[in-house]
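Here is what each chain is made of, one letter per residue.
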Amino acid sequence: MLYFSPWKTALVLAVCLIGLLFSLPNFVPASQRLNDAGEPVGVWTVLPHQTINLGLDLRGGSHLVFEVDMEQVREERLSDLADDVRTAFRQDPPILSAPPSVVNGEVVVRLSRPEDMERALERLDEINEPITNAQGQQGLGQTLTIRRGEDDRTIRVDITEAALESIRQRTVAQSIEVIRRRIDATGTTEPTIARQGEDRVLVQVPGESDPQRIIDLVGTTARMTFHMVEANVNPGPDGQARTPPGVMILPTDDPGEPFLAVQSRALVTGEQLVSASQSFNEAGQPAVSFRFNQSGSLAFGDATAQNVGRRFAIVLDDTIISAPRIRVPILGGSGQIDGGFTVETANDLANMLNAGALPAELSPIEQRTVGPGLGQDSIDRGQTAILIGFALVIVFMLFAYGFFGIVSTVALLVNVLLLLGALSGLQATLTLPGIAGIILTIGMAVDANVLIFERVREEYRLGRTIANAIEAGYARALSAILDANITTFIAAAVLYMLGAGPVRGFAVTLGIGIITSVFTAFVLSRLMISIWLRTARPKSLAM
């Protein structure tokens, strides 16, 4: 066990060298590694140049909690359900009834003739689908509760609690995914976006000092639609004028034209967008360029070809942000939105459109900013804790094990470098609990060395030679070291899977630290002692 072939020796040294190279950027100022554009310069173009990402508690940034408006989602589903009931009754042969309406959280429809009751119930059973869970799998329950009303002509339809729970799960999951795409598009590294409770979403963005920008970015539903403007309908000065069927009045961003009447039916929706990007219009002002997919291009091209000379409205979250006039048919499937943007707001809108619309409105219920000064203070205190812990461990090991203490100290130092190198290479986020994980790793690495050295000492006292005692000590301590580290690694894995934010940071640091600890305590220290035995040929055990 003490013999290391040349290739094994080279492999161990190569691992140490790679860890050193990946950890090195953390000790070199950014001004010497990167240019103003953030690109590596000089020797750093060939060497690893990425440093450890610092979490919100170390780097500072914005912490927000959003609440998903599930009541709005329920109202929208009930409104859609009323439309479904109306459509079902219009099938041939039609069932005569009053228009379905939403009353006290359920859809109520009153038939014109009592004898149509059974036929109406059969039609409604056809739209009563099985519940679909967040993974898209159908369950055993049904989405609707259909029951007869207080007389023989009324039917009441409600969404079941199980269906509402499924809708809640899917809505929150979709919201998290859309938020993640929007924030990732801003170039932010390692944001934390996680579910909190039943209908809340936690958003932590390290390095972002303006939480309002995150609220604007995340809190905007970004549901974009295109509608034809009804120039013959006067919306009135306050937008409260009566409108004919199929026409609605929406506010605009233009103070000179605060309201416009538009057709309720959308020509094209944001779901048919392929891409959007920040651009500049003919006047050199920031704008947003977009492109439709094939079906959107055809629909948009047909609509503009049939309405040359009329205006169409670009509506974002029920507000008209632009209402240009159609001068020629737009057949290419692309266009541009002018809305008095800045470059940043145009970029944000393009990112939101690319990420897709939120399935529900999000309201910020908690927001706070962690200053970089507080984060720097945490870093300084963490570094001090690591240095003190490291120094105390070295003193103890030197006092208790002499030369073997020096070996464990070198192994410990390499262990920390490997841990920093792994965190840098994986671009993991270091949080304040992560620093605690590093300190814990130092203790665990020493614990393995103590276990090995005590076994070596016992074997030596039993009369074995130095080489045999060392070999037996490593061999008999291996199972205990593996058992302890595997159980801790399982705990770290569970923390990573179930935790979020700083807890995950602690789990990552601890998990990587366990791997590097076992490597340095059992492999690297054994290699160093093996070399010492061959070169020094000691007559007695120096511990």
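Structure report, in brief. Within each chain, residues carry numbers counting from 1 in the order of the written sequence. Predicted model: local features are reported for residues with pLDDT of at least 70 only, side-chain atom pairs are reported and counted for 80 or more only, and whole-chain, interface and lining totals are derived from all residues. Water and hydrogen atoms play no part in the side-chain values, which are based on all heavy atoms of the structure.

## Details of the overall build of the protein chain
And step 1. Scanning the protein chain from N- to C-terminus turns up 14 helices and 21 strands.
And step 2. Values of the radius of gyration come from C-alpha atoms, whereas the globule rule sets the reference at 2.2 Å times the count of residues to the power 0.38. Against the compact-globule benchmark of 24 Å for 543 residues, the protein chain has a radius of gyration of 33 Å, which places it well outside the compact range.
And step 3. The C-alpha extent of the protein chain, read off along each of the three principal axes, is 105 × 60 × 40 Å.
And step 4. The classification of residues rests on relative accessible area computed with a 1.4 Å probe and restricted to protein chains. Under 20% of the type maximum is buried, over 50% is exposed, and intermediate values are partly exposed. The buried share of the protein chain, reckoned over its 543 residues, is 44%. Secondary structure follows DSSP: runs of H or I at least 4 residues long count as helices, runs of E at least 2 residues long count as strands, and numbering of each begins at the N terminus.

## Describing the packing of aromatic side chains
And step 1. Only Phe, Tyr and Trp rings are paired, with Trp represented by its six-membered ring, and only when their centres lie within 6.5 Å; those with planes under 30 degrees apart are stacked, over 60 edge-to-face, the remainder tilted. Counted under the stated rule, the structure contains nine aromatic pairs.
And step 2. These aromatic residues form a ring-pair network of at least three members: Tyr401, Phe403, Phe404, Phe453 and Trp532.

## Side note on the packing of helix H11 (residues 403–425) against helix H14 (residues 502–536)
And step 1. Between N-to-C directions, angles cover 0 to 180 degrees, with each direction set by a line fitted to C-alpha atoms, over the stretch in contact for helices. Relative orientation of the contacting elements H11 and H14 amounts to 140°, with a least axis distance of 8 Å. In this view, H11 runs oblique relative to H14, as classed from their interaxial angle. Classified by chirality, the crossing of H14 by H11 is right-handed.
And step 2. When residues are grouped by polarity, Ala, Val, Leu, Ile, Met, Phe, Trp, Tyr, Cys and Pro land in nonpolar, Asp, Glu, Lys and Arg in charged, and all others, Gly among them, in polar. A per-class count over the contact of H11 with H14 returns 17 nonpolar, seven polar and no charged. Note that the term roughly parallel is reserved for angles under 35 degrees, roughly antiparallel for angles over 145, roughly perpendicular for angles of 65 to 115, and oblique for everything else. In a left-handed crossing the near helix is turned counterclockwise from the far helix by less than a right angle, and in a right-handed crossing that turn is clockwise.

## Focus on the sheet that holds strand E3 (residues 101–103)
And step 1. The pairing criterion is simple: DSSP has to find at least two bridges between the two strands. Within the open sheet, the four strands sit side by side as E3-E4-E8-E7. Their pairing is antiparallel. Pairing within the sheet leaves two strands with one partner each, and these edge strands are E3 and strand E7 (144–148). Going from strand to strand, the sheet's axes swing by 30° on average, the running direction of each strand aside.
And step 2. The sheet contact formed by strand E4 (residues 106–110) and strand E8 (residues 154–159) spans four bridges and is antiparallel. Within E8, the residue paired with Val109 across the bridge is Ile155.

## What about the sheet that holds strand E19 (residues 334–337)?
And step 1. Pairing is antiparallel across the open sheet formed by three strands, whose spatial order is E15-E16-E19. Every interior strand has two partners, whereas the edge strands, strand E15 (273–280) and E19, have only one. Averaged over all neighbouring strand pairs, the angle between strand axes comes to 25°, with direction disregarded.
And step 2. Bridge analysis of E15 against strand E16 (residues 286–292) gives seven bridges, and the strand direction is antiparallel. Looking at the pairing, Phe280 lines up with Pro286 of E16.

## Section: the pattern of salt bridges
And step 1. Basic side-chain nitrogens of Lys or Arg form a salt bridge, by our definition, when they fall within 4 Å of a carboxyl oxygen of Asp or Glu. One pass over the structure, following the stated rule, counts 16 salt bridges.
And step 2. In this structure, the salt-bridge partner of Arg200 is Glu67, at a minimum N-O distance of 3.7 Å. Of this pair, Arg200 sits in strand E10 (residues 200–206) while Glu67 sits in strand E2 (residues 61–68); the two residues are 133 residues apart in sequence, bridging distant segments of the chain.
And step 3. Residue Arg110 pairs with Asp151 through a salt bridge whose shortest N-O separation is 2.6 Å. One end of the pair, Arg110, is in strand E4; the other, Asp151, is in the loop between E7 and E8, and 41 residues separate them in sequence.
And step 4. Under the relative-accessibility criterion, Asp151 is labelled partly exposed at 26%.
And step 5. Among the charged side chains, a network of salt bridges with common partners joins Glu106, Arg147 and Arg156.

## Remarks on the packing of H11 against helix H12 (residues 432–461)
And step 1. Interaxial distance between H11 and H12 falls to 10 Å at its minimum, and their mutual angle equals 145°. Helix-helix and strand crossings are classified by hand; for H11 and H12 the assignment is right-handed. For the pair H11 and H12, the contacting residues are Phe404, Ser408, Leu412, Asn415, Val416, Leu419 and Leu420 in the first and Ile438, Thr441, Ile442, Ala445, Val446, Asn449 and Phe453 in the second.
And step 2. Here the contact of H11 with H12 is built from residues that sort into ten nonpolar, four polar and no charged. Residue contacts are defined here by distance: any two heavy atoms, one from each residue, within 4.5 Å place the two residues in contact.

## Focus: the nonpolar core
And step 1. The criterion is simple. A nonpolar core is a set of buried Ala, Val, Leu, Ile, Met, Phe, Trp, Tyr and Cys residues joined through side-chain atoms within 4.5 Å. Leu81, Phe89, Ile155, Ile179, Ile183, Val201 and Val203 are the most contacted members of the largest nonpolar core, which has 43 residues in total.
And step 2. For this core, the elements supplying multiple residues, two or more each, are E2, helix H4 (70–90), E4, helix H5 (117–126), E8, helix H6 (161–185), E10 and helix H7 (211–219).
And step 3. If we ignore the near neighbours within four places in the chain, the residues touching Ile179 are Ile193, Val201, Val203, Val218, Leu358 and Leu362.
And step 4. Core analysis: the second largest hydrophobic core is formed by 40 residues, Ile52, Phe404, Leu412 and Leu419 among them.

## Thoughts on the environment of Phe396
And step 1. Topologically, Phe396 is positioned in helix H10 (residues 372–401).
And step 2. Judged by relative accessible area, which is 46%, Phe396 ranks as partly exposed.
And step 3. Between the alpha carbons of Phe396 and Phe280 there is a distance of 66 Å; along the sequence they are 116 residues apart.

## Thoughts on the environment of Ile452
And step 1. If you trace the backbone, Ile452 turns up in helix H12.
And step 2. According to the relative accessible area criterion, Ile452 is buried, its value standing at 0%.
And step 3. Considering only alpha carbons, one finds Ile452 and Leu21, 431 residues apart in sequence, at a separation of 29 Å.
And step 4. Each residue touching Ile452, except ones within four places of it in the same chain, is listed here: Gly473, Tyr474, Ala477, Ile481, Ala521 and Phe522.

## Observations regarding a nonpolar patch on the surface
And step 1. Residues enter patches when their relative accessible area tops 30% and they take part in no salt bridge; the joining distance is 9 Å for like charges and 5 Å for the nonpolar side chains Val, Leu, Ile, Met, Phe, Trp and Tyr. Note on areas: these come from Shrake-Rupley sampling with a 1.4 Å probe, and a residue is covered only by the protein chains present in the view. Taken together, Leu482, Ile486, Ile490, Val494, Tyr496, Met497 and Leu498 make up a surface patch of nonpolar side chains, about 700 Å² in accessible area.
And step 2. Mapped onto the secondary structure, Ile486 falls in helix H13 (residues 466–498).

## Regarding H12
And step 1. Expected span of a helix, by definition, is 1.5 Å for each gap between consecutive residues, and there is one gap fewer than residues. Taking 1.5 Å per residue, 30 residues should reach 44 Å; H12 reaches 44 Å between its end C-alpha atoms and fits that length.
And step 2. Directly beyond the C-terminal end of H12, a positive phi value near 105° is found at Gly463.

## Overview of unusual backbone geometry
And step 1. The residue Asn104 is not glycine, and still its phi comes out positive at about 55°.
And step 2. Structurally, Asn104 can be placed in the loop between E3 and E4.

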